[in-house]
Amino acid sequence: MSSYHEGGTELIAALREGGIDVTYQPCHVAANAFPTSKEELDDYDVVLLSDIGANTLLLPERTAVHSQRTPNRLKLIADFVRNGGGFLMVGGYLTFQGIQAKGNYKDSPVEDILPIIFQASDDRNEQPDGVYPEIVDPDHPVMSGLSDWPYFLGYNKSTLREDAQLIARINEHPFIAARSVGKGRSAVFSSDCGPHWGPPTFVNWEGYPKLWVNLATWLAGR
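Remember, it's a predicted structure, so these values are computed and weren't measured experimentally.

Quick look at the packing of aromatic side chains now. In total, this model carries 14 aromatic pairs according to the counting rule given. Plain terms: the ring middles of W149 and W205 are 4.6 Å apart, the flat faces sit at 45° to each other, and that makes the pair tilted. One end of the pair, W149, is in the loop between β5 (134-135) and β6 (152-156); the other, W205, is in the loop between α8 (200-203) and α9 (208-219), and 56 residues separate them in sequence. By the ring-pair criterion, three or more aromatic residues cluster together here, those being W149, F152, F175, F189, F202, W205, Y208 and W212. Residue placement shows R124 over the ring face of Y93; its charged tip is 4.8 Å from the ring centre.

Here R222 shows up in the segment after α9. Considered as a pair, R222 and N204 are 18 residues apart in the sequence and their alpha carbons are 26 Å apart. If we ignore the near neighbours within four places in the chain, the residues touching R222 are D45 and T217. Engagement of the side chain of R222 in a polar contact is seen with the side chain of D45, the distance being 2.8 Å.

Rules and cut-offs
Residues numbered from 1 in each chain as written. Predicted model: local features only at pLDDT ≥ 70, side-chain atom pairs only at ≥ 80, totals over all residues. Heavy atoms only, no water. Phe/Tyr/Trp six-rings, centres within 6.5 Å; stacked < 30°, edge-to-face > 60°. Helix = DSSP H or I, 4+ residues; strand = E, 2+ residues; numbered from the N terminus. Lys NZ or Arg CZ within 6 Å of the ring centre and 35° of its normal. Contact = heavy atoms within 4.5 Å. Polar contact = N/O pair within 3.5 Å; in protein donor to acceptor, adjacent residues only side chain to side chain.

Put into structure tokens, the structure is as follows:
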């Protein structure tokens, strides 16, 4: 028996309920509809990637099927941040490096702007018995109003950059980290925003909406 859960549903609802305008593109839409110019990206304050592999953004139909040159949208994201935008990567099976390293963000322009360095290989750390994050910087704005964290069932392993802010960790790995890059800001949340790594106790946690609103507003420089 198998089942499917659209993991972004709760995250999108949390942001919208917090008064944040959200443009959502699932992977099959983002492949061709994600902005391809600075001008298009500048319509947004923050870009968030969750469970979307680098190849989705690198290989639109024009390139993958018709062998045409197209803008490198990972470079556009990196430039967007350096010029004042915000960027958040949420963990999962197809972000960071993910399952069998198919996320494919290692050594990409996106990695250059993040507060972490990716592993070169499959970076998943499954924790079926549950693991709790350790809050390292409770005074960071991202942590405002958050307490009594639930457990998680897995996360992506990475290494913190020297110029990054470690906000929370699991074991020796960053769980939430942030970084100022040029005029902009970036952050990572190293587990998933929904099942299975983010179990019902997480998505139903009273702090769930505030966590994502805090991240979005900090990344937007507000």
